[in-house]
Amino acid sequence: METSRRTVIAAAAAAGLTAATIGTAHAAGGSKPVRELFGKLADGTKVHRWSLANGGTRLKVLSYGGIVQSLEIPDRHGRYRNVSLGFDNIDDYVARTPYFGALIGRYGNRIGKGQFTLDGTSHQLSVNDGVNSLHGGAKGFDKRVWDVEGFTSGSDVGLVLHYTSIDGEMGYPGTLRAKVTYTLTRNGDWRIDYEATTDKATVVNLTSHVYWNLAGEGSGSIYDHELEIAASRYTPVDSGLIPTGELAKVAGTPFDFRRAKTVGRDIRVAHQQLLYGKGIDHNWVLDKGVTAKPQHVATLRAPSSGRTLSIATTEPGLQFYSGNFLDGTLVGTGGHIYRQGDALCLETQHFPDSPNQPSFPSTVLRPGQTYRTSTVHSFGA
């Protein structure tokens, strides 16, 4: 990874770009994160944007929702583009966003009928996706203002984000104290470390909802992107996109990405699961399972730019969403309209509806325990 990054830096230098221009800062580490006012909410609450750069990666993050507003990396020629979808103003994030770049909680993905039972007590959650609860409900972590602090640590730079979700918020039991750390390493990797504690038994499943297009935000379809996922099974869903409980083999289906193939190759195959999702919107059961340290699970590549994204995680699942519900009504940061298939999401997570699926890995967190997961995004060209 570092060799690839140095090759890019050398190419940029040959083109006459300075180290400051390409934002590398390899020797001394990245510069201290910079904060600026991005906008205000209707109640006057200020939303700040934090900018940080290290190892050839540039990241901009909002205090609202912990949103990644942009993430810039160079292509094979050292040319920078933002590779994540988003908006240039806070109003669109509040009113219209389909979770662009957001931190997701208390529970990433769907919970069937917005209900679960824990220790004999039934809980009714906020319902915001038909009869189901999606990404924590109508006002999940993506719609909260987080406390953010910038840091430098050796050759790393980053942000620490804190949010306290009170007992009963969106129907979830227990006061949950969440801490999320975004780190840019000297190699340009973007690492996310999630932590949470609770004062009552609850369920938690935190993730990040970046929409990726490695050819560049607003450049068109990602159907030519090549994707590989280290998973032999996936979780089929019903018409409401709730897992049936089956762990089905990907072999012989459009969901087989064990060897790299283009995202669009099988996306229009007449398969019932694709009809339910209007494309791909499914959880892959990672072969590695839950691990103490991040292990490699997926690689994405854009042939046109040469950019690559490699994902390692401690989580047992990966939700691959192919941007099926982008409908041409949203205008992004680059002034382009977003249409179906203009980006994809690769959300590291526990499985959807786990609180109602005893055979799935547990998402229960109890007092005295600390929820910890980590995901690392590595970039190349």
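Everything quoted here is computed from the prediction, not taken from an experiment.

This part covers the overall build of the protein. Each helix and strand in the protein was counted, giving 4 helices and 29 strands. In terms of overall dimensions, the protein is globule-like: its C-alpha atoms have a radius of gyration of 20 Å, near the 21 Å expected for 381 residues. Viewed in the frame of its principal axes, the protein has a C-alpha envelope of about 65 × 50 × 40 Å. Accessible area of the protein: about 14,800 Å², with a carbon and sulfur share of 49%. Positive and negative charge centroids in the protein, built from 39 and 35 side chains respectively, lie 3 Å apart.

This part is about the packing of aromatic side chains. By the definition in use, this model includes 21 aromatic pairs. Pairing Tyr-211 with Tyr-321 gives two aromatic rings, centres 6.0 Å apart and planes at 85°, and the pair type is edge-to-face. Residue Tyr-211 is located in the loop between strand E16 (207-209) and strand E17 (226-229), and its partner Tyr-321 is located in strand E24 (residues 317-321); the two are separated by 110 residues in the primary sequence. For the residue pair Tyr-211 and Tyr-321, the accessibility class agrees, reading buried in each case. One aromatic cluster is present, formed by Phe-38, Phe-87, Tyr-93, Phe-100, Tyr-211, Tyr-321, Phe-325 and Tyr-338 through successive ring pairs. Positioned above the aromatic ring of Tyr-80 is the side chain of Arg-58, whose terminal nitrogen or guanidinium carbon lies 3.9 Å from the ring centre.

Moving on, we get to the sheet that holds strand E2 (residues 46-54). Read from one edge of the open sheet, 5 strands run E1-E2-E3-E4-E5, paired in antiparallel fashion. The open sheet has two free edges, formed respectively by strand E1 (34-40) and strand E5 (80-82), since each of these has just one partner strand. If you compare each strand with its neighbour and ignore which way they point, the axes differ by 20° on average. Pairing of strand E4 (residues 68-74) with E5, which is carried by 3 bridges, proceeds in the antiparallel orientation. Looking at E5, one finds that Glu-72 is bridged to Asn-82.

What counts and what doesn't
- Residue indices follow the written sequence of each chain, beginning from 1 at its first position.
- Where local features are concerned, this predicted model is filtered to residues with pLDDT of at least 70; where side-chain atom pairs are given and counted, the filter is 80 or more; whole-chain, interface and lining totals use all residues.
- The side-chain values count all of the structure's non-hydrogen atoms but skip hydrogen atoms and water molecules.
- In this description a helix means any DSSP run of H or I spanning at least four residues, a strand means any run of E spanning at least two, and both kinds are numbered starting from the N terminus.
- In this treatment the radius of gyration is a C-alpha quantity, and the globule benchmark scales as 2.2 Å times the residue count to the 0.38 power.
- Exposure was quantified through the Shrake-Rupley algorithm and a 1.4 Å probe, taking into account, for residues, occlusion by the shown protein chains and nothing else.
- Positive charges come from Lys and Arg, negative ones from Asp and Glu, while His and the chain ends are left out of the count.
- Lysine's charge is taken at NZ, arginine's at CZ, aspartate's at CG and glutamate's at CD.
- Stacked, tilted and edge-to-face are the three classes assigned to paired rings of Phe, Tyr and Trp, where Trp is represented by its six-membered ring and a pair needs centres within 6.5 Å; plane angles under 30 degrees give stacked, over 60 edge-to-face, the rest tilted.
- Exposed residues in this analysis have more than 50% of their type's maximum accessible area, buried residues have under 20%, and partly exposed residues fall in between, with area computed by a 1.4 Å probe over protein chains only.
- Only when the NZ atom of a Lys or the CZ atom of an Arg is both within 6 Å of the ring centre and within 35 degrees of the ring normal do we say a charge sits over the ring.
- DSSP calls a pair of strands paired once it identifies at least 2 bridges connecting them.
- For helices, the axis comes from a line fit to the C-alpha atoms of the stretch in contact; other axes are also lines fit to C-alpha atoms, and the angle between any two N-to-C directions lies between 0 and 180 degrees.

Note that all results are geometric; they support no functional claim without further evidence.
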